[in-house]
Amino acid sequence: MLELTGITKKFNGRTILNGLDLTVTDGKTLAIVGPSGVGKTTLLRIIAGLEEADAGKLTWNGKQTTPDELRKQGILGVVFQNFALFPQYTVKKNITLAPTLSGTSQQDADAKADELLAQLSLTQQADAFPATLSGGQKQRVAIARALALNPDVLLYDEPTSALDPALRDNVAAMLNQFKQSGMTQVVVTHDMDFAAAVADTVFKMPTGTED
């Protein structure tokens, strides 16, 4: 279980997060919701270790730790809002790069990538480059890349922001499939219908803060 206690963050003297507490239960999907400008993405970036909190602590299974340590241990995976794919690499290379840099053999990384490509209906795009993909395909590649590291917790930043309603429903089905397999997920979204479709618990961001 991942717990955040007393998380505080200020930018240029403005309080973005003020003593926030949050619990992420194992095997469940938590949606962090609220309109644009309430600090949702800031909170997710702190969990992921991309921003540093000014105060507060993070514990994993009762032991105080840091996002950097959780990433090093392969506990956290992140799916970015803008996908953040490497344009110079093929889809499969995007998926295998991090595991091989972390010590996984190329053979094992390729096998895992092939499995994920099949699972996410991307096998035909394995040798394609990101620029040739649709928004929905890029989203699935970003998810596959995060899953390739076998994380315990998968973090999503606005996973449906660039998708039409049909693709949004596909992503919802995918997240629910991952939940059925026991994946712990944290989803930042402004889309309340999407949150209702995927979340076991919804955390509404306090108002009066901003991204």
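Attention in this report is confined to the structure presented alongside it. What you are looking at is a predicted structure, and each value in this text was computed from that prediction instead of being measured. (Residues numbered from 1 in each chain as written. Predicted model: local features only at pLDDT ≥ 70, side-chain atom pairs only at ≥ 80, totals over all residues. Heavy atoms only, no water.)

Overall, the coordinates contain eight salt bridges when judged by the stated rule. Taking the shortest distance from any N to any O, the salt bridge between Asp-68 and Arg-71 comes out at 3.4 Å. Taken as a pair, Asp-68 and Arg-71 lie in helix H2 (residues 67-72) at a separation of three residues, close to a single helical turn. Classification of Asp-68 by relative accessible area gives partly exposed; the value is 40%. Arg-71 sits in the partly exposed class, given a relative accessible area of 37%. (Salt bridge = Lys/Arg side-chain N within 4 Å of Asp/Glu carboxyl O. Helix = DSSP H or I, 4+ residues; strand = E, 2+ residues; numbered from the N terminus. Buried < 20%, exposed > 50% of the residue type's maximum accessible area, 1.4 Å probe, protein only.)

We now examine the packing of helix H3 (residues 91-101) against helix H5 (residues 135-147). Contact geometry for H3 and H5: axes closest at 8 Å, N-to-C directions at 25°. As far as their axial angle goes, H5 and H3 are roughly parallel. Seen from above, H3 lies across H5 with right-handed handedness. Contact with H3, carried on its side by Val-91, Asn-94 and Ile-95, involves Val-141, Ala-144 and Arg-145 of H5 and no other residues of that element. Here the contact of H3 with H5 is built from residues that sort into four nonpolar, one polar and one charged. (Axes fitted to C-alpha atoms, helices over the stretch in contact; angles between N-to-C directions. Parallel < 35°, antiparallel > 145°, perpendicular 65-115°, else oblique. Left-handed = near helix turned anticlockwise from the far one by under 90°. Contact = heavy atoms within 4.5 Å. Nonpolar A, V, L, I, M, F, W, Y, C, P; charged D, E, K, R; others polar.)

In terms of nonpolar packing, the biggest core is built from 36 residues, with Ile-95, Ile-143, Tyr-156 and Phe-178 touching the most fellow members. Those elements giving two or more residues to this core turn out to be strand E3 (29-33), H3, helix H4 (106-119), H5, strand E7 (153-157), helix H6 (165-180) and helix H7 (192-198). Residue contributions to this core peak at six residues, all from H5. Beyond its immediate sequence surroundings of up to four residues, Phe-178 is in contact with Gln-119, Leu-120, Ile-143, Leu-147, Tyr-156, Met-183 and Gln-185. Counting 28 residues, the second largest nonpolar core, distinct from the first, contains Ile-32, Val-38, Trp-60 and Met-205. (Core = buried A, V, L, I, M, F, W, Y, C linked by side-chain atoms within 4.5 Å.)

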